[in-house]
Amino acid sequence: MQSIPLIASSIMPKKLVSGADYILLNVKCGIGAFMKTYEEAKILATEMVNIGKELKKNVKAEINDMNQPLGKAIGNNLEIKEVIKTSKGNGPKDLEDNCLSSSAILLTLVELFKNTEDARKALIENIKNLKAFEKF
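Residues numbered from 1 in each chain as written. Predicted model: local features only at pLDDT ≥ 70, side-chain atom pairs only at ≥ 80, totals over all residues. Heavy atoms only, no water.

Caption draft 1: The confidence of the model for the chain, seen in detail. Put simply, the chain has an average pLDDT of 94, and 99% of its residues get 70 or more. The secondary structure element of the chain with the lowest average pLDDT is helix α1 (residues 4–16), at 93, and the one with the highest is helix α5 (residues 116–128), at 98. (pLDDT = per-residue confidence, 0-100. Helix = DSSP H or I, 4+ residues; strand = E, 2+ residues; numbered from the N terminus.)

Caption draft 2: Structural detail: the side chain of E96. Along the polypeptide, E96 turns up in helix α4 (residues 93–109). No salt bridge forms around the buried E96; measuring N to O, its nearest opposite-charge neighbour K93 is 4.5 Å away. With near-sequence residues (within four places) excluded, E96 lies in contact with T86 and G89. (Buried < 20%, exposed > 50% of the residue type's maximum accessible area, 1.4 Å probe, protein only. Lys, Arg positive; Asp, Glu negative; His and termini not counted. Salt bridge = Lys/Arg side-chain N within 4 Å of Asp/Glu carboxyl O. Contact = heavy atoms within 4.5 Å.)

Caption draft 3: The arrangement of the packing of α1 against helix α2 (residues 38–54) in detail. Two elements in contact, α1 and α2, have axes separated by 9 Å at closest approach and are oriented at 45 degrees. With respect to α2, the element α1 is oriented oblique. Of the two elements, α1 crosses α2, and the hand of that crossing is right-handed. Counting all contacts with α1, which are made through I4, I7, A8, I11, M12 and L16, the residues of α2 involved are E40, I43, L44, E47, M48, I51 and G52. Its residues placed into classes, the contact of α1 with α2 shows 10 nonpolar, 1 polar and 2 charged. (Axes fitted to C-alpha atoms, helices over the stretch in contact; angles between N-to-C directions. Parallel < 35°, antiparallel > 145°, perpendicular 65-115°, else oblique. Left-handed = near helix turned anticlockwise from the far one by under 90°. Nonpolar A, V, L, I, M, F, W, Y, C, P; charged D, E, K, R; others polar.)

This is the structure:
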């Protein structure tokens with residue numbers, strides 16, 4: 001197993017120095033990540049959230065699978081085009097789901113919504129009416 005305290009102490013200062021009061025950590029697990037198992041990723045996520053809370057920051061973490069690529073594009077230019085398609089509702093389902101999940105968590109973290117279900121519904125509506133694309 002990787003050294004959780006070393007990884008957490010390497011990642012969190014970079015997040016905290018940004019000055020953000022709300023931080024969503026995206027912790028990866030799987031063959032393409034430092035943390036190979038969900039259990040290891042959960043330990044790391046908990047450690048980093050605790051560091052943020054100690055410093056009076058609103059921090060949450062989500063754990064994502066890196067056993068396969070997200071979306072279909074490879075390379076910065078193609079990935080940006082894929083994100084644009086996703087913001088219009090035409091992207092790969094896995095990328096859309098990932099974006100909706102993270103965005104819904106952030107919207108509840110900053111207290112714009114009481115729960116992720118309502119936040120997700122609003123986000124889907126903003127994809128349908130192209131407000132997501134306009135904002136991008």
